[in-house]
Amino acid sequence: MFGPETLIPGKTIDGVNEDLRAAERVEQYRLGKAAVYIPAGLKWKYIPRSEILEAAADHRTVNAGHCVTVQVRTPSLHLVTAAGAFDLNLEKQASLERLLGALGGEKVSP
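The numbers attached to residues start from 1 for each chain and follow its sequence in the written order. The model is predicted, so local features are restricted to residues of pLDDT at least 70 and side-chain atom pairs to those at 80 or more, both for listing and for counting; the totals for chains, interfaces and linings are taken over all residues. Side-chain metrics in this entry use all non-hydrogen atoms of the structure; hydrogen atoms and water are not considered.

1. A word on the pairing of strand β4 (residues 35-40)
Next, step 1: Two strands make a pair as long as DSSP finds a minimum of two bridges between them. Secondary structure is summarised from DSSP: a helix means a run of H or I of at least four residues, a strand means a run of E of at least two, and numbering begins at the N terminus for each. By the bridge criterion, 2 bridges tie strand β3 (residues 29-31) to β4 in an arrangement that is antiparallel. Directly across from arginine 30, in β4, lies its bridge partner tyrosine 37.
Next, step 2: From the end of β3 to the start of β4, which pair antiparallel, there are 3 residues.
Next, step 3: What sits between β4 and strand β5 (residues 43-48) in their antiparallel hairpin is a turn of 2 residues, with glycine 41 showing a positive phi close to 70 degrees.

Listed below in structure tokens is the structure:
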């Protein structure tokens, strides 16, 4: 079985498999001491926490319905790294607050 792959080229962490096993589950993501893990099919990809420059609350709008369209705003976490930005889509506001608190991010009203 292969270990998780980094999303930041050239930036890896030691003991990635152990960190993933001990990571806290926050919806479909995992929050470890050294990285944030993102599911990628049957594998995991990760962003080392040391590479996260900024974490901020955001939102996404989901359009649903056929005859009568409905727009639903759901929380999202916006992570900025030197390699680019990543958005983690969430279902619950409490999950967003948990991730922001752990990553030292700012709460911005979505």
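That covers the picture; the talk isn't over yet.
2. Observations concerning the nonpolar core
Next, step 1: Ile47, Leu77, Leu79, Leu88 and Leu103 are the most contacted members of the largest nonpolar core, which has 19 residues in total.
Next, step 2: Listed by contribution, the elements that provide at least two residues to this core are β3, β4, β6 (52-64), β7 (70-81), β8 (84-89) and α2 (93-103).
Next, step 3: Ranked by residue count, the leading element in this core is α2, at 4 residues.
Next, step 4: Should any heavy atoms of two residues lie within 4.5 Å, those residues are considered in contact. In this structure isoleucine 47 touches Leu7, Ile8, Ala35, Val36, Ile38, Ile52, Leu79, Thr81 and Phe86, once residues within four positions along its chain are discounted.
Next, step 5: Within this scheme, the nonpolar core is defined by two criteria: the residues are buried Ala, Val, Leu, Ile, Met, Phe, Trp, Tyr or Cys, and they are joined through side-chain atoms within 4.5 Å. Classification of residues uses two cut-offs on accessible area relative to the type maximum, computed with a 1.4 Å probe and protein chains only: under 20% is buried, over 50% is exposed, and between them is partly exposed. In terms of nonpolar packing, the next biggest core, distinct from the first, is built from 7 residues, Ile13, Val16, Ala35 and Tyr37 among them.

3. Here's the deal with the packing of aromatic side chains
Both the distance between ring centres and the angle between the ring planes are used here to describe each pair of aromatic rings.
Next, step 1: We call Phe, Tyr and Trp rings a pair once their centres come within 6.5 Å, taking the six-membered ring for Trp, and we label the pair stacked below 30 degrees between planes, edge-to-face above 60, and tilted otherwise. In the structure shown here, the tally under the stated rule is 1 aromatic pair.
Next, step 2: Summarising the aromatic geometry, the rings of tyrosine 37 and tyrosine 46 are spaced 5.8 Å apart at their centres and angled 45 degrees between planes, so their arrangement reads as tilted. Exposure class is identical for tyrosine 37 and tyrosine 46. Each is buried.

Honestly, that's just the spatial picture; any functional story needs more than this.
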